[in-house]
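As a plain string of letters, each chain reads:
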Amino acid sequence: MAERPEDLNLPNAVITRIIKEALPDGVNVSKEARRAISQAASVFVLYATSCANNFAMKAKRKTLNAGDVLAAMEEMEFERFLEPLREALEVYKKGQKGKKEVSEQKRKDKEKKLDTENDKSRDEEEEEEERMEEEPDAENEAEEEEVEN
C-alpha cells in the first residue's frame, strides 16, 4: 500500500493526455483544475478497485478479473460505462490474441531456421568427414610416388 497520499495519484502526464483528448482544441485547463481532476480520477480508481476486490473476495479469489470490475461499475451505478468497457475489453483480448499468435509464429520460424541451420551444419560435417577420408588416400598415393622415385 502507498505510504503517502500523493503516491496514490495517477501520473500527471497521463491525466494531461486524457484531458487533452477529451476536450476540443483550443480549450485550456488550469494547473489547479488538472490537479483536481487527477485527484478525482485517483479516488475513482481506488473506489472501483475496492468494489471489485469485494466481488473477488466474495468469490474467494485473491485476483481481480474483468468481471469483478464490470460488477463494481454496476454496483457503483455506472451502468452507462458497462458497454464501452466490454467493447474495450474485447478489443484488448483480440489484441492479446493477435500478439500471442505473432509470438507463436516467430517461435516456429526461429525453430525452423535453427533446424535448417543444423541440417546445413550436419551436411557440412558429413562433407568434411568424406574429405578427411579421401585425403589419407591422396596422401598414401603421394607417399608411394615418393618411394618409387
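Residues numbered from 1 in each chain as written. Predicted model: local features only at pLDDT ≥ 70, side-chain atom pairs only at ≥ 80, totals over all residues. Heavy atoms only, no water.

The name given to the protein in an unreviewed UniProt entry is DNA polymerase epsilon subunit 3, with the source organism recorded as Myripristis murdjan. UniProt annotates the protein under Subcellular location (unreviewed entry) with the comment "Nucleus". (UniProt positions renumbered as here; feature names shortened; annotations may be inferred.)

Time to look at the overall build of the protein. A count of helices and strands for the protein gives four helices and zero strands. Taken from N to C terminus, the helices and strands of the protein fall in the order α-α-α-α. Scored against the burial criterion, the 149 residues of the protein give a buried share of 9%. Total accessible area on the protein stands at roughly 13000 Å², and carbon and sulfur atoms take up 51% of it. (Helix = DSSP H or I, 4+ residues; strand = E, 2+ residues; numbered from the N terminus. Buried < 20%, exposed > 50% of the residue type's maximum accessible area, 1.4 Å probe, protein only. Areas by Shrake-Rupley, 256 points an atom, 1.4 Å probe, with all protein chains shown as cover.)

Together, D123, E124, E125, E126, E127, E129, E130 and E133 make up a negatively charged patch on the protein surface. Topologically, E129 is positioned in helix α4 (residues 82–148). (Patch = residues over 30% accessible without salt bridge, like charges linked within 9 Å, V, L, I, M, F, W, Y side chains within 5 Å. Salt bridge = Lys/Arg side-chain N within 4 Å of Asp/Glu carboxyl O. Lys, Arg positive; Asp, Glu negative; His and termini not counted. Charge placed at Lys NZ, Arg CZ, Asp CG, Glu CD.)

This part covers the packing of aromatic side chains. A complete count under the given rule lists two aromatic pairs for this structure. Judged by centre distance (5.3 Å) and plane angle (85°), the rings of F44 and F78 are edge-to-face. With F44 in helix α2 (residues 31–58) and F78 in the loop between α3 (66–75) and α4, the pair connects residues that are 34 residues apart, well separated along the chain. With a relative accessible area of 33%, F44 lands in the partly exposed category. When the ring of F78 is compared with that of F81, the centres are 5.6 Å apart and the planes differ by 40°; the resulting orientation is tilted. Residue classification places F81 among the partly exposed positions, given a relative accessible area of 33%. Among the aromatic residues, ring-to-ring pairing joins F44, F78 and F81 into one connected group. Residue placement shows K58 over the ring face of F55; its charged tip is 5.2 Å from the ring centre. (Phe/Tyr/Trp six-rings, centres within 6.5 Å; stacked < 30°, edge-to-face > 60°. Lys NZ or Arg CZ within 6 Å of the ring centre and 35° of its normal.)

Moving on, we get to the confidence of the model for the protein. Averaged over every residue, the pLDDT of the protein is 83; residues scoring 70 or more account for 85%. Per-residue pLDDT, averaged within each element of the protein, yields its smallest value for α4 (76) and its largest for α3 (95). (pLDDT = per-residue confidence, 0-100.)

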